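Tertiary structure, described
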Amino acid sequence: MAAGGVGEATLGAGLLLTLEPTGLTKIGGGALFLHGADLTAAGLKQLWINQSVQTFTSQIVSGGLITTGVPSPYANLVGGLTEIGMATLPIGIVGKAGVAARGTKGIIDVTSKPRILDTALVTAEKWLKPGYTEIGKPGSGVYRSADGLRQFRMSATDIGGGHGKIGPHVHFEKFSPTGEKLKNIHTPLIFP
Amino acid sequence: MKTYNRFIAEVPPVRQEQHIRWLVLEEDLENTGGWYLYGHQDLNEGSDFDSWHQTRPEAQREASTRWGVTEDDWKSDV
């Protein structure tokens, strides 16, 4: 139990230090680290007193159920099952982060889920941050952030669906400091 | 009638990604004053992606660095 806990906590700490854009590894890593520490403490105590010891996670869940009137054997069973769940849930979260990060890694042109125009405009404000300017001809519909690293594009042909297989759409784009395009998210528009 | 510039280039087979075989470079005088770079799997269908550039050299630079399309590869389509 203690060895498993140390392993889980180490894995959790590693995930906390992993550089990844979604932040999901931080949530999963934090949960793994805390649960690993709980498992380690229970394991060491079990070695010391030579008796079976429940983790805090398991105690909290089973204790709570007993308080609400659930018979102790059932409550302990649920506590034990939660224990297993606590170990697997963060792994699931981390797995999801991996898929999300892998999904579009290295691919510049991607298509997002459709949005209504109002939602896209609210997202655009957040994407560009204050200080953005319109570039190209006045009324072009191409907006660049103050630091030059982000762009929102809704030109007449984008919104009109005059090109492309996805019909009316807008763009959220990201550049490197040297001007290289890193991401070009095509967001289809829906008109409810 | 307004005239506009449009060029087509075939992406070298070794540089084709996401099944993009053709690039179209199109001037957008009327709306943005910039240049569109379209990626097509098939020229008879709509584009699979589009990017926008303030100038033609900027669009051609992207075509060159990302897709390996050189200046000589572009053929006028007007």
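Residues numbered from 1 in each chain as written. Chains lettered and ligands numbered in written order. Predicted model: local features only at pLDDT ≥ 70, side-chain atom pairs only at ≥ 80, totals over all residues.

1. Observations regarding the overall build of chain B
The following threshold applies: Each helix is a run of H or I in the DSSP string that is no shorter than four residues. Each strand is a run of E no shorter than two, and both are numbered from the N terminus. Here contacts are defined at the residue level, using C-beta atoms placed from the backbone and a cut-off of 7 Å between them.
Scanning chain B from N- to C-terminus turns up 1 helix and 5 strands. Taking contacts inside chain B between residues at least 6 apart in sequence as the whole, the part at least 24 apart equals 35%.

2. Some details on the overall build of chain A
Cut-off, in case you're wondering: Put plainly, a residue is buried at 20 or more neighbouring C-beta atoms within 10 Å of its own, exposed at 12 or fewer, and partly exposed in between, counting only other residues' C-beta atoms, which are placed from the backbone.
Counting secondary structure elements, chain A contains 6 helices and 7 strands. Counting the 192 residues in chain A, one finds 29% classified as buried. In chain A, the share of contacts with a sequence separation of at least 24, taken over all contacts with a separation of at least 6, comes to 45%.

3. Examining helix α5 (residues 117-128) of chain A
Every α-helix winds through 3.6 residues per turn, so residues three or four apart in the chain are directed the same way. Residue and element names in this part refer to chain A. Rules: Expected span of a helix, by definition, is 1.5 Å for each gap between consecutive residues, and there is one gap fewer than residues. Of all possible arcs, the one meant is that of the directions from the helix axis to the C-beta atoms.
Helix length check: α5, at 12 residues, gives a terminal C-alpha distance of 16 Å against a target of 16 Å (1.5 Å per residue), a fit within 8%. Within α5, burial applies to Ala 120, Ala 124 and Leu 128. Taken around the axis of α5, the buried residues stretch over an arc of 60°, which confines them to a single face. In α5, the exposed positions angled more than 90 degrees off the buried face are occupied by Asp 118, Val 122, Glu 125 and Lys 126. On its buried face, α5 is in contact with β2 (115-116), β4 (142-144), β5 (150-153), β6 (169-175) and β7 (181-190). Immediately downstream of α5, the backbone of Lys 129 shows phi near 65°, a positive value.

4. Considering the confidence of the model for chain A
Defined as follows: pLDDT: the predictor's confidence for each residue, scored from 0 to 100.
Of all residues in chain A, 45% have pLDDT values of 70 or greater, and the mean over the chain is 73. The model gives residues 87-103 of chain A a pLDDT under 50, and that stretch makes 24 contacts with residues more than four places away or in other chains.

5. Section: the sheet that holds strand β2 (residues 22-28) of chain B
All names here are of chain B. Note the following rule: For two strands to be treated as a pair, DSSP must find no fewer than two bridges joining them. Convention adopted: a line fitted to C-alpha atoms gives each axis, helices being fitted over their contacting stretch, and angles between N-to-C directions are expressed from 0 to 180 degrees.
As summarised here, the arrangement of the 5 strands in space is β4-β3-β2-β1-β5, forming an open sheet in which the pairing is antiparallel. The outermost strands of the open sheet, each flanked by one partner alone, are β4 (49-53) and β5 (75-76). The pairing of strand β1 (residues 6-10) with β5 spans 2 bridges and is classified as antiparallel. When the bridges of β5 are listed, Phe 7 appears paired with Ser 76. Where helix α1 (residues 56-67) meets the sheet, it contacts β1, β2, β3 (34-40) and β4, and its direction lies at approximately 25° from that of β3.

6. Remarks on the environment of Gly 33 of chain B
By the secondary structure assignment, Gly 33 of chain B is in the loop between β2 and β3. By the C-beta count within 10 Å, which is 17 here, Gly 33 of chain B ends up partly exposed. Distance from Gly 33 of chain B to Thr 55 of chain B, taken between C-alpha atoms, is 8.5 Å for residues 22 residues apart in sequence. Beyond its immediate sequence surroundings of up to four residues, Gly 33 of chain B is in contact with Gly 136, Lys 137 and Ser 140 of chain A together with Asp 28 of chain B.

7. With respect to the interface of chain A and chain B
We apply this condition: Side-chain classes are defined by residue name, with Ala, Val, Leu, Ile, Met, Phe, Trp, Tyr, Cys and Pro counting as nonpolar, Asp, Glu, Lys and Arg as charged, and the others, Gly among them, as polar.
Contacts between the two partners involve 16 residues from chain A and, on the opposite side, 16 residues from chain B. When residues of the side of chain A that touches chain B are traced back to their parent elements, those giving at least two are α6 (156-160) and β7 of chain A. Here the side of chain A that touches chain B takes 3 residues from β7 of chain A, the largest share from any one element. Among the residues making up the side of chain A that touches chain B, the classes are represented as 3 nonpolar, 8 polar and 5 charged.

8. Structural notes on the nonpolar core
Residue and element names in this part refer to chain B. Applied cut-off: Buried Ala, Val, Leu, Ile, Met, Phe, Trp, Tyr and Cys residues form a nonpolar core when they are connected through C-beta atoms within 7 Å.
Core analysis: the largest hydrophobic core is formed by 16 residues, its most contacted members being Leu 23, Leu 25, Leu 37, Ala 63 and Val 69. If you tally residues by element for this core, the top one is β3, at 4 residues. Those residues in contact with Leu 37, other than ones at most four positions away along the chain, are Leu 23, Leu 25, Asp 50, Ser 51, His 53, Ala 59, Glu 62 and Ala 63.

9. Comments concerning the pairing of β2 of chain B
Residues and elements named next belong to chain B. Burial analysis of β2 places 5 of its 7 residues in the buried class, the great majority of the element. One ladder, built from 5 bridges, connects β1 with β2; its direction is antiparallel. The residue of β2 that forms the bridge with Glu 10 is Trp 22. Taking the residues between adjacent antiparallel strands as the criterion, β2 and β3 are bridged by 5 residues, where Gly 33 takes a positive phi near 75°.

10. So, the environment of Ile 107 of chain A
Residue and element names in this part refer to chain A. Mapped onto the fold, Ile 107 is located in the loop between α4 (72-103) and β1 (109-111). A residue is classified by how many C-beta atoms lie within 10 Å of it, and Ile 107, with 11 of them, is exposed. Remark: the alpha-carbon pair of Ile 107 and Lys 183, spanning 76 residues in sequence, is separated by 7.4 Å.

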